[in-house]
Amino acid sequence: MKPDQQYDCDFIVIGSGFGGSVSALRLAEKGYRVAVMEMGRRWTRENLPRTSWSIHRWFWRPSLGLRGFFNMRFFRHVTILHGCAVGGGSITYASTLLRAPDKVWDMGSWAGLADWKSEMPQHFDTAARMLGIIENRILGPADHLLRKSAEASGCGHTFYRTHVGIFQSVAGEPVKQTYPDPFFGGEGPERSTCNACGGCMMGCQHGAKNTLDLNYLYLAEKRGAQVFAETKVVDVKPLFAGDSGDSGYEVRTVKSTACIRRQPQRFTCRGVVFSASSLGTMELLFHLREKGSLPAISERLGKHVRTNSESLIGVRVAGCGDDLSKGIAIGSGVYIDEDTHIEAVRYPNGSDTMSLLSTLLTDGRPGAQRIALWIKNVFLSALRHPIKTTRVFWPRGWARESVILLCMQALEGHIEMRWERPWFWPFRKFLVSRGAKVPTYIPQANAFARKVAEVSGGTSMSMLPEILFNIPATAHCIGGCVMADSPARGVVDVRHRVFGYRNMYVCDGSMVSANLGVNPSLTITALTERAMTFIPPVGNATWDDRACDSEHAGAKQQIQH
Ligand SMILES: Cc1cc2nc3c(=O)[nH]c(=O)nc-3n(C[C@H](O)[C@H](O)[C@H](O)COP(=O)(O)OP(=O)(O)OC[C@H]3O[C@@H](n4cnc5c(N)ncnc54)[C@H](O)[C@@H]3O)c2cc1C
């Protein structure tokens, strides 16, 4: 085996989102030499787009010259919204950080693998401290509207202020004030308090949102971790063909933002952490298994992909006197029943592009019947209220006049992702979705949207793809590399170690093994904190960490007996 000095680094972390940034910091603290490969760009207050109309700096599609931090991927069963940047999804996320309810540990493939209910609280506490979670102190007009509508629907008592990772001033203090690092005893960067512009999902231009580049990743870089931005990992394979990574890995990258001179690079390392998000890690592992770089990856890859059973609806109050975009991106929520949770979401004034995907709320069974009903609704609305209908569809002013209602359900349900050639493009394989459709129509959520419209004098709205194509949208894609006790049931073990390989881990949304029913970033952070506790400090490293496979262990025991 080679001496350590011959490797470019000890660990390569693929992706710098929640799983990646936690891994980078904790590994660097343990003395490892860490490199983080991140496909997205590095963003600062100065280069963030002002509104979502600045498409080239908001949307990520480098082949079209769009190099932003927000991406949308369209599948037959779901439209997935996700982030792509140094700091992963934290640059575009709304920074709502909620603990998963205890019941999720009894659901899905991780049930019974660990004593989750007693282990996880300490990791949630660490994650909460690192991400600077507070109870939201800023309620905007959209939050007050949510509260009033909940009261009118009989669930006002469930109204709550979200827990968020945003630096906010305390009552009586002026907003938008700059302070030396308030979180890490002076070791972190200086920060400014939130001015309630509602711009969290456009990347925070005021330094108030606790993005990963201001906490975990910032501290990891201070401890020597190297972050390679605009660097896409395209290959990972054991250094010696046929082994299971015993002698380390070779990682190949290209420049993600270049279409012609892609600047291929090769790195060597002892261990690899896949943290490229649920979609990114699945895509990479499918590709690597298919091309023979990592042939032993479990056949369970792509199974149990969950969408948090979400539906995006909303209300537009055309001509509204209040600016509904004020506040923080997700300031409050309510529970309309035991399993159904709705949050009030907003984009900042001027970021109206999402209006292009919204239309009049329409009930009904998916398919032709619902489309026909939608056409009828639009037609009747245009006949009865031509001016109001035009204003509802007019993109300008959409963010100022709208509240998006993000509905999530903690119910079991999943789809599958496969690596196949689609019929319309047989030249190469892509991720494609399979399985039973996730419902796009949640009747109780639509009823609540109508109540919000009634209370505000607005018009209730649906997402157009949900009606036309029966495809729900989610910002919370999780699963695909779920935990289990053997490769016959999952891709990683309870310590996030990939079955079939040594010193290889998955730490991101893909290892979440049940529907959480709440925004997942805090759970991903806490689970990664837990996973990192099992890796010894560099001085004690044996570089022989492999997944515990209870089936094989059981079989071995039987043979020995
Ligand atoms: C608009 C929006 C709002 C959201 N709001 C919230 C919220 O309020 N609360 C919440 O909990 N969650 C929210 N989310 C979801 C949240 O962003 C994700 O759940 C979270 O970021 C997932 O963390 P992760 O570690 O799995 O991966 P990510 O944070 O997505 O990071 C993965 C990183 O890997 C990189 N990558 C992918 N492939 C490669 C490759 N081959 N090579 C190199 N790098 C690669 C990507 O560019 C990305 O930066 C929101 C998402 C969106 C889109």
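This text follows the structure it describes.
Residues numbered from 1 in each chain as written. Predicted model: local features only at pLDDT ≥ 70, side-chain atom pairs only at ≥ 80, totals over all residues. Heavy atoms only, no water.

Moving on, we come to the packing of aromatic side chains. Counted by the stated rule, this structure contains 20 aromatic pairs. Ring geometry for Phe 167 versus Tyr 179: centroids 5.8 Å apart, planes at 75 degrees, classification edge-to-face. Separated by twelve residues along the polypeptide, Phe 167 in the loop between strand E9 (163–164) and strand E10 (178–179) and Tyr 179 in strand E10 bring together distant segments of the chain. Ring geometry for Phe 167 versus Phe 183: centroids 5.7 Å apart, planes at 70 degrees, classification edge-to-face. Remark: Phe 183 occurs in the loop between E10 and strand E11 (191–192) and Phe 167 occurs in the loop between E9 and E10; sequence separation between them is 16 residues. The exposure class of Phe 167 is buried, given its relative accessible area of 13%. The exposure class assigned to Phe 183 is partly exposed, which follows from its relative accessible area of 27%. In textbook terms, an aromatic cluster arises when at least three aromatic residues are bridged by ring pairs, as seen for Phe 11, Tyr 32, Tyr 505 and Trp 543. Sitting over the ring of Trp 43, Arg 41 keeps its end group 4.5 Å from the ring centre. Directly above the ring of Phe 430 sits Arg 428, whose terminal nitrogen or CZ lies 4.1 Å from the centroid. (Phe/Tyr/Trp six-rings, centres within 6.5 Å; stacked < 30°, edge-to-face > 60°. Helix = DSSP H or I, 4+ residues; strand = E, 2+ residues; numbered from the N terminus. Buried < 20%, exposed > 50% of the residue type's maximum accessible area, 1.4 Å probe, protein only. Lys NZ or Arg CZ within 6 Å of the ring centre and 35° of its normal.)

The next point concerns the nonpolar core. In terms of nonpolar packing, the biggest core is built from 94 residues, with Trp 110, Val 236 and Phe 274 touching the most fellow members. With residues near it in sequence (within four places) discarded, Phe 274 still touches Ile 14, Val 236, Thr 281, Leu 284, Leu 285, Leu 288, Leu 294, Met 504, Tyr 505, Val 506, Cys 507 and Asp 508. Residues Leu 48, Cys 200, Ile 330 and Met 408 belong to the second largest nonpolar core, which totals 37 residues. (Core = buried A, V, L, I, M, F, W, Y, C linked by side-chain atoms within 4.5 Å. Contact = heavy atoms within 4.5 Å.)

Any link to function would need more than the numbers given here.
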